[in-house]
Amino acid sequence: MRQPLVAGNWKMNGSRASVRELLDGIKHGIAEVGGAEVVVCPPFVYLQEVQDQLAGTAIAWGAQNLSTEGSGAFTGEVAASMLLDFGCKYVIVGHSERRSYYGEDDALVARKYAVARAMGLVPILCVGETLEERETGVTEEVVGRQMDAVIDLEGVEALQDGVIAYEPVWAIGTGVTASPEQAQEVHAYIRSRVAGKSTSAAESLRILYGGSMKADNARELIGKPDIDGGLIGGASLKADDFLAICRAAG
Ligand code: 13P
């Protein structure tokens, strides 16, 4: 039985004041969430505040990116050890915004996955196709290639230590959500691809859906057999909206 997981990806949003308010709101409603695991991923600079507020609660936290390097002369980078220092459990790797705006390719994403895993962080590997790729019928090829970069580097067992988030690029921040059937189809494909190499890894792997997930579509999406939760962008910035998704998952 896979525990549902709902993670909020705050992206580059917030201020000290708004972060405090958001955390207060989430903490206030967390008791009603039920069985879902809840995670927030703030910008790096707010990790201290998040750790101060969430330590000892049922809410876990993580970062949105990490360096492949351990320490040293890498201006602007943040190491896995630093994330651990601030109590992070999770780290997002390979988000489509990092792939498209910051040139992160499959090989770099796989190395980030490997470093996170080696350091004891739980990587959330984002995969997903663009609209053009969907329309030309190569969704499975793209998602398969993104998964294989990690499997080839680390072995299929590595997926047992992480989470996969299927985020169709055309659904991110657009208000256009994949239909539950469209999402389930790709989730089932992801699981079957893993099952081809390890049935136990496939059974335990949590696969989240991300892309305009909201309180009013979360229940139907997460109700599908291979959708184990959500990676939430915009709707994770308001406590009430985020908690409603967490309750739907729980
Ligand atoms: P939205 O929920 O804003 O579409 O963002 C999804 C996402 O990119 C989460 O990582």
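Residues numbered from 1 in each chain as written. Predicted model: local features only at pLDDT ≥ 70, side-chain atom pairs only at ≥ 80, totals over all residues. Heavy atoms only, no water.

1. Side note on the pattern of salt bridges
So, point 1. This structure, assessed with the given rule, holds 16 salt bridges.
So, point 2. Two residues, Arg117 and Glu154, come together in a salt bridge whose shortest N-O distance is 2.9 Å. Of the two residues, Arg117 sits in helix H5 (residues 106–118) while Glu154 sits in helix H7 (residues 139–154), which places them 37 residues apart along the sequence.
So, point 3. Of the residues examined, Arg117 reaches a relative accessible area of 25% and is grouped as partly exposed.
So, point 4. The exposure class assigned to Glu154 is partly exposed, which follows from its relative accessible area of 25%.
So, point 5. By sharing partners, the salt bridges in this structure join Arg2, Arg191, Asp226 and Asp228 into a single network. (Salt bridge = Lys/Arg side-chain N within 4 Å of Asp/Glu carboxyl O. Helix = DSSP H or I, 4+ residues; strand = E, 2+ residues; numbered from the N terminus. Buried < 20%, exposed > 50% of the residue type's maximum accessible area, 1.4 Å probe, protein only.)

2. Here we look at the layout of surface pockets
So, point 1. Of the pockets and cavities examined, the largest pocket occupies roughly 450 Å³.
So, point 2. Every residue lining the largest pocket is counted, 14 residues in all, and those nearest its centre are Lys11, Met12, Gln64, Arg98 and Tyr102.
So, point 3. Ranked by the residues each element gives to the lining of the largest pocket, the list is headed by helix H4 (residues 96–101), at three residues.
So, point 4. Within the lining of the largest pocket, the residues separate by chemical class into seven nonpolar, four polar and three charged. (1 Å grid on protein atoms, 1.4 Å probe; cavity = no way out; pocket = protein on both sides within 12 Å on 5 of 7 lines; lining within 4 Å. Points joined across faces, edges and corners; volume = space filled by probe spheres on them. Nonpolar A, V, L, I, M, F, W, Y, C, P; charged D, E, K, R; others polar.)

3. Describing the nonpolar core
So, point 1. Val40, Leu83, Leu159, Ile164, Ile190 and Tyr209 are the most contacted members of the largest nonpolar core, which totals 69 residues.
So, point 2. Counting residues per element, this core draws most heavily on helix H11 (residues 239–249), which supplies seven residues.
So, point 3. Once residues lying within four places of it in the same chain are set aside, the contact partners of Val40 are Gly8, Trp10, Leu23, Ile26, Val50, Leu54, Ala60, Trp61, Gly62 and Phe242.
So, point 4. Judged by nonpolar contacts, the second largest core, of 14 residues, contains Ala60, Val163, Ala165 and Leu231. (Core = buried A, V, L, I, M, F, W, Y, C linked by side-chain atoms within 4.5 Å. Contact = heavy atoms within 4.5 Å.)

4. Quick word on the side chain of Glu129
So, point 1. Within the secondary structure layout, Glu129 lies in the loop between strand S5 (122–127) and helix H6 (131–135).
So, point 2. Among the polar contacts listed, one links the side chain of Glu129 to the side chain of Tyr166, at a separation of 2.9 Å.
So, point 3. Side-chain polar atoms of Glu129 contact the side chain of Trp170, separated by 2.9 Å.
So, point 4. Discounting residues that sit within four places of it in the chain, Glu129 has contacts with Arg134, Thr139, Val142, Tyr166, Pro168, Val169 and Trp170. (Polar contact = N/O pair within 3.5 Å; in protein donor to acceptor, adjacent residues only side chain to side chain.)

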